[in-house]
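# Per-entry structural report
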Amino acid sequence: MIRILHTADWHLGQTFFGYDRTEEHEAFLDWLAGEILRQEIDALIIAGDVFDVSNPSAASQSIYYRFIYRVTAENPNLQIVIVAGNHDSAARLEAPLPLLQAMRTEVRGVVRKLEGGAVDYDHLCVELKNRQGEVELLCMAVPFLRQGDYPVVQTEGNPYAEGVRELYTQLLRRLWKRRKPNQAILAIGHLQATGSEIAEKDYSERTVIGGLECVSPEAFPEQIAYTALGHIHKAQRVSGRENVRYAGSPIPMSFAEKHYHHGVVMVTFDEGCAVDIRRIECPKSIPLISVPSGEPELPEKILEMLGGLPETEGTAPYLEVKVLLEEPEPMLRQEIEDVLADKNYRLARIVSSYRTGAENVEKEETDWKKGLQEMSPLQIAQSAFEKIYQSEMPEDLVDLFQEAYLAATRKEEEER
């Protein structure tokens, strides 16, 4: 018997409208370490998006490495398998692999190629052992696949979806030949499965416009005992299949996710099958509150509602204010902040809807002054890029920006 814990989408280092979330991430990881010990977990799976950006801060990396050291020290038999997500830098995540392997941790970020350009499928296979030291789980450790990572398939359909499906098919074929009767096959993936539910008006999951990168659940046939997916932040079964799941994010990544049930999935394998699959919910993180909870209201009503909010103690909740305007009101933010002055809330954003005929047009007004003060030049550029194109800034563009910024900084220092 072997027991795994399926997690995904940690997004370490995320700032929430300018607010640091280190406290929330450390609380989750502390809880997770306790669950691993309490549930006698044999393997921890992280299905992508360990970090929120491809170039995470030193503090974020410190949290990550300290956690790995802690749980592998506290649990001498624990194995960890990590795959890169679309937010992660594949090469950077995999770079310390020789050191991490000393702590029984395997990372797959880069899809390696053999001579001739064929995929190195053996590199994507990880063996997981039970407490008797026997290999009981054959793991398909597949990271987020970018163009060029998957086999080219001649198709009239979606070349990405068909290419990803072909990669899993070839990988499963190899593992099935190696599989012994008492061994189960586990698939890991960071992708958007067709039919999965995502939040409306929310780009934190960065889906491709039109769903062009959706992958059919048929890519994970019955021979796979369990499929551990990441990328979608809402925990869910895919197409109603009990053994194909998104673990979901451990904390809400946006106000669109404030009603999600966040947690992890524990799966027990025995005699080549997943015999028990159960959700374990995380403790509640810092609350996200919307005022009003429904449709936006006029400024006078909003100020009245905010005045009626109870005072809070301890860690301040995040607050979203939705207001209906006839015309721009430059002093509205100051009026809102004055009402909240002694109530201990973090004003994250104001979403304004302008009345134009029969329709309301939404416009988000975030606290840019505060946010910009807490962001590096690279983070500002990445944020602007993502808002415009609804996708992550490519790594070559990140590197180009960093080189230009360093050159400008050196020139400024020389002129001083």
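I will try to describe carefully the structure that is included in this document. (Residues numbered from 1 in each chain as written. Predicted model: local features only at pLDDT ≥ 70, side-chain atom pairs only at ≥ 80, totals over all residues. Heavy atoms only, no water.)

### Structural notes on the sheet that holds strand 13 (residues 236-238)
Here we have six strands laid out as an open sheet, ordered 7-8-9-12-14-13, and mixed in their pairing. Of all strands in the sheet, those with a lone pairing partner are strand 7 (125-129) and strand 13, marking the two edges. Strand-to-strand twist in this sheet, taken as the mean axis angle between neighbours without regard to direction, amounts to 30 degrees. In this sheet, strand 8 (residues 135-141) lies alongside strand 7 in antiparallel orientation, the contact comprising five bridges. (Pairing = 2+ DSSP bridges. Helix = DSSP H or I, 4+ residues; strand = E, 2+ residues; numbered from the N terminus. Axes fitted to C-alpha atoms, helices over the stretch in contact; angles between N-to-C directions.)

### With respect to the state of the cysteines
Per the stated rule, a full pass over the model turns up zero disulfides. Free of any disulfide, cysteine 139 has its nearest neighbouring cysteine sulfur in cysteine 125, separated by 8.8 Å. Residue classification places cysteine 139 among the buried positions, given a relative accessible area of 0%. (Disulfide = S-S within 2.5 Å. Buried < 20%, exposed > 50% of the residue type's maximum accessible area, 1.4 Å probe, protein only.)

### Observations regarding the packing of helix 6 (residues 299-307) against helix 7 (residues 332-340)
Axis separation between helix 6 and helix 7 bottoms out at 9 Å; the angle between their running directions is 20 degrees. Classed by the angle they form, the pair helix 6 and helix 7 counts as roughly parallel. Crossing of helix 6 against helix 7: the hand is right-handed. For the pair formed by helix 6 and helix 7, the contact residues are Pro299, Leu303, Leu306 and Gly307 on the first element and Leu332, Glu335, Ile336, Val339 and Leu340 on the second. Here the residues of the contact of helix 6 with helix 7 sort into seven nonpolar, one polar and one charged. (Parallel < 35°, antiparallel > 145°, perpendicular 65-115°, else oblique. Left-handed = near helix turned anticlockwise from the far one by under 90°. Contact = heavy atoms within 4.5 Å. Nonpolar A, V, L, I, M, F, W, Y, C, P; charged D, E, K, R; others polar.)

### Thoughts on the packing of helix 1 (residues 22-38) against helix 2 (residues 58-74)
Following both chains from N to C, one finds helix 1 and helix 2 inclined at 15 degrees, their axes separated by 10 Å at the closest point. Classified by the interaxial angle, the pair formed by helix 1 and helix 2 is roughly parallel. Crossing angle aside, the handedness with which helix 1 passes helix 2 is right-handed. Contacts from Thr22, Glu26, Leu29, Asp30, Leu32, Ala33, Ile36 and Leu37 in helix 1 reach Ile63, Arg66, Phe67, Arg70, Val71 and Glu74 in helix 2. Of the residues belonging to the contact of helix 1 with helix 2, the class tally is eight nonpolar, one polar and five charged.

### A closer look at the side chain of aspartate 42
Secondary-structure assignment places aspartate 42 in the loop between helix 1 and strand 4 (43-47). What aspartate 42 contacts, discounting residues up to four positions off in sequence, is Met1, Ile2, Arg3, Asn77, Leu78, Gln79 and Arg131.

### Things to note about the pairing of strand 18 (residues 318-325)
Across the eight residues of strand 18, eight count as buried, placing the element largely inside the fold. Residue alternation in strand 18 divides its side chains into two sets, Tyr318, Glu320, Lys322 and Leu324 and Leu319, Val321, Val323 and Leu325, and both sets are buried. Pairing analysis gives four bridges linking strand 17 (residues 288-291) to strand 18, with the strands arranged parallel. The partner of serine 290 across the bridge, within strand 18, is glutamate 320. Of the crossover connections in this fold, the one passing from strand 17 over helix 6 to the parallel strand 18 is right-handed. (Right-handed = clockwise from strand over helix to strand, strands pointing away.)

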